[in-house]
Structure formats: C-alpha cells, structure tokens
Amino acid sequence: MSDPNPTADVVAALSPLEKASLLSGQNTWQTRAVPRIGVRSLFMSDGPHGVRKQIGSADHLGLNESQPSTCFPTAATIANSWDPELGERIGAALGREAALLGVDVLLGPGLNIKRSPLCGRNFEYFSEDPYLTGRLGGSFVRGIQSAGVAACPKHFAVNSQETRRMTSNSVVDETTLREIYLTAFEMVVRDAAPLSIMSSYNLINGTYAHENAHLLQDILRDEWGFDGAVVTDWGGGNDPVAAIAAGGTIEMPSPGFDSVRQILASPAVDQAALDARVGEAVRLAERISPVATNGDIFTEHDALAQHAAEQSVVLLKNDEGLLPLSPGTKVAVIGEFARTPRYQGAGSSLVKPTRLHTAMGALGDSDLDVIAFEPGFAHGAPPAPELMARAAEAARRAEVVLLYLGLDEIAESEGKDRDHLDLAPAQVRLLEELSAANQNIVVVLSVGSAVAMPWLQHCRAVLHGYLGGQAGAPAMVRAITGQVNPSGRLAESYPLDLADTPTADRFPETRRDALYFEGPFIGYRYYATAQRPVLFPFGYGLSYTRFEYSDLRVQVDAATFTVRNVGDVAGADVPQLYIGPAAEAAAALLRPALELKGFRKVHLEPGESATVTIPFDRYTFRSFSAADERWLTIAGAYEVWIGRNAEDRPLHGTVVIAGDEAPAPAAVLGIPAYAEARVHDVRPADFRSLLGRDIEPPRLTPARKTLGLNSPLSDLRHAPGLLGRLIYSQYFQRSFRRAEAKGAPDLNLLFQYGMPFRAIAKMSGGLADMAMVDRILMIVNGCVARGLVGLVSAFFANRRRHAATDREFTALATGAGSPLTEGDKQ
C-alpha cells in the first residue's frame, strides 16, 4: 500500500534545525538541501522574458555576467499581442531553456497592475487591466511548467511603485484590492496552478506581504486553494517567525543562519504552522522534474522571439496609408536606436541574448533602398546641432525617413520610477527639425510604457514595438514593409498628459504610506467613468486592413458576433468584450463604467468572416462587497459591448443575469468625488470612507529622526548622527551624479538607496546579522563610539555562531551527526 502523504513523513523526519533551515536560502539563488532524506536544493533564477542564470559571482540585480539565453519581448510588449496561445508558447520556451540551464524555479511572470505609467518597472508587467494580465500570466505559467520547472508569479501584491519599494505601505480598500490588484493572481492560481509565488517587498495596509496572513492564508491558500510555496522577493524577509504564522515559506537570498536562530529561539513559533511551511518547501522540491532538452533550441527560440515581436507591434498612426513601404523605397534611417537597439528593461530581468539583431542589419536584408544612416542624437545628451544638421540633410534626399526614437535605459529601470512621460528633448527636437526637411516620417518607437506625444503632428506614421527582445528589429522591419500586418493592441491607456492620469501628483509616494485615493479608477476604468479624453485608448491599434463587426447575440453564458475582413490584405483583429454594471449593482457598489471581460484574436484573409463566441466566466459579472466580505453577482441587466478598444465599441446589447440581491448602498456612493470618478478631488476624509477605517494623516518628514530596522537607507539624510548624513551626501548623492553622467542606471546603488537597514543582514549571506544591524543603527543615530565597539563585538559573535550552526546543519543534513563542541554550544 502506497504512502498517502510522503511529504508529511519527510517533515516528521527532520530535526528542528533542519526544519528552520529549509525556510531560507543556502546562497543567492539556491535553497538548502537535506541529502539524508532526499530533499534536494533548488536553483532559482530571474526569468520574466528570458532565463538569467549567472556565471560565477552571483547577484540579484543583473550586474554580473550570466549565461546566454533567448531574450524574448518583455511582458509589456507581449501584452499588446492579446494572444494567450503565444504566451504559452513563449512560456514553454522559457521552461525548456530553464531546464537546459539547470534552473528549477523561474521567477516570473510579473503580474502587477500598472497603477501609473510612471512606474519604472512597467516594462516587466502586462497591463493596467487585471483580466488581460490574468489571461496572459496564466498562459506563461502553463508554458513554463510544461517543462517540469516551477513558475513563480510575482510580486504578490500591490507592488505599484519602485520608489521606497522595500518600505512602502500600500494603503488600499478591500474592494479595490480584490478587484484590481489581486484578480490577476487569482486567475493565474485557479487556472494555471503555479508551484510557487513571490511575495512583494512592500507592506499592504500596514503588514509586510510575506507576513500578511490575510493575503497569504485567508485569500491565497484558503479561498483560492493555492498549495505551493511563497518565496520572498530578494531581501524582502523581515520577521521569519511572523512569516511562518502568516503563510510565508522561503526567505531568499540566504540571510545566513540568522533567521534560523530567530525561529529556533522564539516561543511564538506554532509547530503546526512550522511543519506546514516546511512541507511546502519540501513539496516544491518534490514537484519539480525538469524535462531533458536535446538539440539546438536557441535557433528555434530566436525565430519564436521574432514572431512574438511581430505579433505585438502596434500601429498607432498611418496618415494616408504611408505604410507599408514598397520595395525600392529610398529611406533615410535616423536615430541611434537603429544602431544600438533598446530591446529590454534594466534590472533583475536583464538577459544576455543568444544573439542581437539590429535595425540596420535587418534593413540591409530588406528590399528597401537605405541611402543613409545618421544617429541624429546621442543618448543622454542635449540636442546636438551638428548631428541634427546631418540628419536633416539625409532626410531631404530620402523618400521616407525611418526615425528610431525611444526612452534611454536610465529613463525606465527597476529601482527607480520615471519623473515624466516625455521623450528626451534631443529626440523631440530632432523630429521637429526633420519634419521641416521631409514630411514622410515614420517614427519607430521603443519604450516599455506609455509616453506623451505632443510631437505626433510632426510625423505621418508611428509604429510602436515596445521592448521587442533580441529579434525585435527584424520584426519591426517586416511590419514596415508589409510582410507582417500589425495586429498589436495597446494593453494600457496613453494619456494626453501626465496631469490627466488618476494618480497625478500622488505618484510615486515618497513617504511611507502610499494612499490609493483613486480606488478602482485606474487606467481605462478611470478615463471611461470620468469621461476624460486620452491620446490612445486601452485596446487601440490600427491595421493595414479593416474589420467590421455585426450580428451581436447575447445569451446568459456568452456573446456571439461576426467579424469580417473588409480590406485587401490578410490581418488579425482583437475584438474585445466590455461589460457595464447593472443598474442594481451601480446603485449599491462603486463600479467603473465598463470593464474588460473577454477578448479573442482572430486571423482573417481578405473578405473572410468568422463567427466569434466569447464565453462568460466566473469573473464576468462579479463585484466585491467589502461590507459582505465576499464576491457578489448582483442580479440585473448588464450592458454588453463588443469593441475595437475601450472607446470604439460598435456592438451593444444587454443580458439579464440572475444572482444575488443588491446590498444596501455603500456609503462611498454619497461622495461626489467617487460617485463621479473625480479622483483628483478626493479628500482624506473621502478616502477614509472608501477605506472603511481611519488613517494617520500624512506628516512632514522631520529634518532629523531616529532611524530603525525598517527605515530605508535613503533616510540617512535625516539621521541624527553626523556620520549618517555624511554617508548620504558623500556616497549616495555623489554616486547618483556619476550614474546620471554615464546615462545608465546604477542598479546596485538604486537597490541600496531604497533598502531598509534590516536588508544589510538579509542580503549578506551570513556576513552580518540583526545584532550587527542594531549596532550600525546606533552609529548613524549618533552613538558612534558605543556603536562601533558593539559592532566589532557583534561581528565576531556572529561569525562564531554562523560557523557553528553551519557545521551542525551540514552534519545533520548529511547524516553525519552533530559535530558541536561544548564551546560551540555556549
């Protein structure tokens, strides 16, 4: 008879030290092993759009060398494909490469919602919409795990900004939390069953994510049925004892044995909770069985990367059908990005590509007649009259100008939010100069998030490739020449101006508490409800052909309609299903005017039509009632639209849904700023009503304040001790100036600037412990002499403790018995 629960037997066979040790890493990327009972070490690696397995010295920021792997388009790019099947193919390729490179857990995909276009890491996330994010994220997870490795969706949850990301407290009402920031994770957990999930750095409503029982236990495990392991973001551990109680499984990277000692010494540790967490760690190792991969998969994956980029290109403008260009068209190629492409974001997701295509190389292989190349501008530099003059001269000799523009690497990066939505002044000035020389300008755009386009009138066409990965350049050239008909649709709204965004003047929050005043009104939910115009709406994208919709039939379980290609060339369209609230729901709960609830990508030849059915599902009509603490499907007549985007919705119908009785109207509906989605007018008292509890009023940061374990290092500028302020001015301020002069982000500096003091111990691999951090805080808080003496003493004490615990664990885990001497035990 087979053992009904082998994991429980393994857990029961572990010593207390082994149990505690399995809940934190062995080093930067690996978990600990217990060979005597078959618990193996797992290798984790970043991998949202490519496997980043490092060679030699390891770090979590992409600073050191990594093994080559396919650099696929980033999540923000693939989201524009609106193609879950493509996402699953990419995920499978990522899983195969992970297995080939010896990676067991791939850290991705990123499922955070784009609260603001200023978030520096938006290139790594899919969308402003949770449904689209959930569909695409689930496809990636299924693909990755088909290769026998574990996916690790991240960052759970409400991790919306890079500023103060390790110490920021996201204060959000329960309805917005559930409907906007958790729904994508819910969809991925329910539909794709990831084996692990990464908790985020930040606090949610006052509690760190990895210690948040409401998030990890009540919702993730009890409500959604997740039975995998929850892994911290790197350096995101805080209190290991609280994490055990709340549902946090593994702390990464290795904090040495400091967390282990805290667990063993604490009387607050519940043994049942400890065994549950250890069981999750053991079960993760048991479930992973990478599939062997033979042959040259990288050539195949390079082709897939190009196909993915082709399917994600968004045609934003095409006056008088300038595109596609005919063979033999004389083109001047202008812009440094044509020679040195911007194809991925900066930070922990940085991939070393197996090969890198450039626009100049791809154009040289095309049927276009490239008569000149001019850089036109230098990255990070002011407008250069000489470069612009040469570019203008080339433009005058060409029939069409291909102008490659984008954001510099330093403009969008992990660890830093953007300051504005603008392209560099040198690029905009160049476009203005070129438009006087040649009006036939095609802007080829490479950015990872929304940008403002006050320059749009100076060009006749815009092709947006986002960050297209290693093969994005030939994909774009094929779109320019018509070998590919652009079918990408924007997965985020493009505002006319930063001031139009719902979080304007509140993002990023530089103080501890990030107050989500806007509630559910982000992205198109805000623009549609507040009736605020945008530059390009969510879901927008043009084609070289035209599609017509007709014959909408709405039943209780689906919407069915016809799509016809009425143009002259083959193409793909993405009809989108939007639902408007029933009157009963809108009268009881705070509801956006419309929400995306389905879509389908349809490929059609000229004149061909297709009958499309988009089924309704558990997410279509539901609303979360904070008062009832549950999801409701409120009975009533719901609006149904089929649209080309969030604004252009030519088909309309209604459907009557049976369900729950509407609750009493929420108090927040009596507040005009919320009832009318005028989120810029929301006052603190209004937000308290939405939140359902009181909040501390924002306070000015004092010139001097005592720093603690969870104070970010950036607060050294407020340190009571002179030494702390000197460190800030002489290290941080000078280093930032050097990075700005180089035009590239210093990722290590950005991480240090935002990390809390406790991370000194959490990220040291055992070189420091919390006792040492306490002494460092004494020093920067002004007790220099006492702190220095204590630091030296704590350092040597930590080394002795670490060495002793390491010897004991190694002996126990390998079955050699305890090697401790009486001196070690003291």
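Look up a bit, the structure's there.
Residues numbered from 1 in each chain as written. Predicted model: local features only at pLDDT ≥ 70, side-chain atom pairs only at ≥ 80, totals over all residues. Heavy atoms only, no water.

### Some details on a positive patch on the surface
Then step 1. Residues Arg734, Arg737, Arg738 and Lys742 make up a contiguous surface patch of positive charge.
Then step 2. Residue position: Arg734 is located in helix α20 (residues 722-742).
Then step 3. Taking the relative accessible area as the measure of exposure, Arg734 reaches 42% and is therefore partly exposed. (Patch = residues over 30% accessible without salt bridge, like charges linked within 9 Å, V, L, I, M, F, W, Y side chains within 5 Å. Areas by Shrake-Rupley, 256 points an atom, 1.4 Å probe, with all protein chains shown as cover. Salt bridge = Lys/Arg side-chain N within 4 Å of Asp/Glu carboxyl O. Lys, Arg positive; Asp, Glu negative; His and termini not counted. Charge placed at Lys NZ, Arg CZ, Asp CG, Glu CD. Helix = DSSP H or I, 4+ residues; strand = E, 2+ residues; numbered from the N terminus. Buried < 20%, exposed > 50% of the residue type's maximum accessible area, 1.4 Å probe, protein only.)

### Describing the environment of Glu186
Then step 1. Along the chain, Glu186 falls in helix α6 (residues 174-192).
Then step 2. It is 31 Å that separates the C-alpha atoms of Glu186 and Ala33, two residues lying 153 residues apart in sequence.
Then step 3. Every residue in contact with Glu186, bar those within four places of it in the chain, is listed here: Trp224, Tyr619, Arg622 and Trp631. (Contact = heavy atoms within 4.5 Å.)

### Description of the nonpolar core
Then step 1. Val105, Phe156, Leu220, Trp234, Leu284 and Leu596 are the most contacted members of the largest nonpolar core, which totals 104 residues.
Then step 2. If one sorts the elements of this core by residue count, α6 sits on top with nine residues.
Then step 3. Those residues in contact with Leu284 that lie beyond four places of it in its chain are Leu42, Val105, Ala150, Leu195, Ser196, Ala229 and Ile250.
Then step 4. With 66 residues, the next largest nonpolar core counts Ala391, Ala450, Leu463 and Ala479 among its residues. (Core = buried A, V, L, I, M, F, W, Y, C linked by side-chain atoms within 4.5 Å.)

### Focus: the pairing of strand β5 (residues 196-199)
Then step 1. Both faces of β5 are covered, namely the face carrying Ser196 and Met198 and the face carrying Ile197 and Ser199.
Then step 2. Of the pairings in the sheet, the one linking β5 to strand β8 (residues 229-232) comprises four bridges and is parallel in character. Bridging across to β8, Met198 finds its partner in Val231. (Pairing = 2+ DSSP bridges.)

### A word on helix α15 (residues 472-481)
Then step 1. Burial of α15 is extensive: nine of the 10 residues sit out of reach of the surface.
Then step 2. Within the sequence span of α15, burial applies to Gly472, Ala473, Pro474, Ala475, Met476, Val477, Ala479, Ile480 and Thr481.
Then step 3. Those residues of α15 hidden inside the fold are in contact with α11 (297-312), α12 (359-364), β12 (400-406), β13 (441-446) and β14 (461-464).
Then step 4. One or two residues past the end of α15 sits Gly482, with phi positive at roughly 90°.

### As for the sheet that holds strand β22 (residues 609-615)
Then step 1. Spatially, β16-β17-β22 is the arrangement adopted by the three strands of the open sheet, whose pairing is antiparallel. The open sheet is flanked by β16 (547-554) and β22, the only strands paired with a single partner. The average angle at which neighbouring strand axes cross in this sheet is 25°, direction not considered.
Then step 2. Strand direction decides the pairing type here: strand β17 (residues 558-565) and β22, joined by seven bridges, are antiparallel. Bridging from a neighbouring strand, Phe561 pairs with Val612 of β22. (Axes fitted to C-alpha atoms, helices over the stretch in contact; angles between N-to-C directions.)

### Some details on the packing of helix α4 (residues 84-100) against helix α5 (residues 130-145)
The relative placement of two packed helices is expressed as an angle between their axes plus a distance between the axes.
Then step 1. The N-to-C vectors of α4 and α5 enclose an angle of 35°; their axes lie 6 Å apart at closest approach. Between α4 and α5 the crossing geometry is right-handed. Facing α4, whose interface residues are Pro84, Gly87, Glu88, Ile90, Gly91, Ala92, Leu94 and Gly95, α5 presents Arg135, Leu136, Ser139, Phe140, Arg142, Gly143 and Ile144.
Then step 2. Of the residues assigned to the contact of α4 with α5, the class counts are seven nonpolar, five polar and three charged. (Left-handed = near helix turned anticlockwise from the far one by under 90°. Nonpolar A, V, L, I, M, F, W, Y, C, P; charged D, E, K, R; others polar.)

### What to know about the packing of α11 against α15
Then step 1. α15 packs onto α11 with a crossing angle of 45° between their chain directions and a minimal axis gap of 8 Å. What the angle tells us is that α11 and α15 run oblique. When the axes of α11 and α15 are compared, the crossing they make is right-handed. Taken together, the residues of α15 that come into contact with α11 (itself represented by Gln306, Ala309 and Glu310) are Gly472, Pro474, Ala475 and Arg478.
Then step 2. Its residues assigned to classes, the contact of α11 with α15 shows three nonpolar, two polar and two charged. (Parallel < 35°, antiparallel > 145°, perpendicular 65-115°, else oblique.)

### What to know about the sheet that holds strand β20 (residues 595-599)
Then step 1. An order of β20-β19-β25-β26 is seen for the four strands of this open sheet, with the pairing classed as antiparallel. What marks the edges here is a single partner per strand, and that holds for β20 and β26 (651-657). For this sheet, the mean inter-axis angle between neighbouring strands, taken without regard to orientation, is 30°.
Then step 2. One ladder, built from four bridges, connects strand β19 (residues 576-580) with β20; its direction is antiparallel. Bridging from a neighbouring strand, Ile579 pairs with Glu595 of β20.

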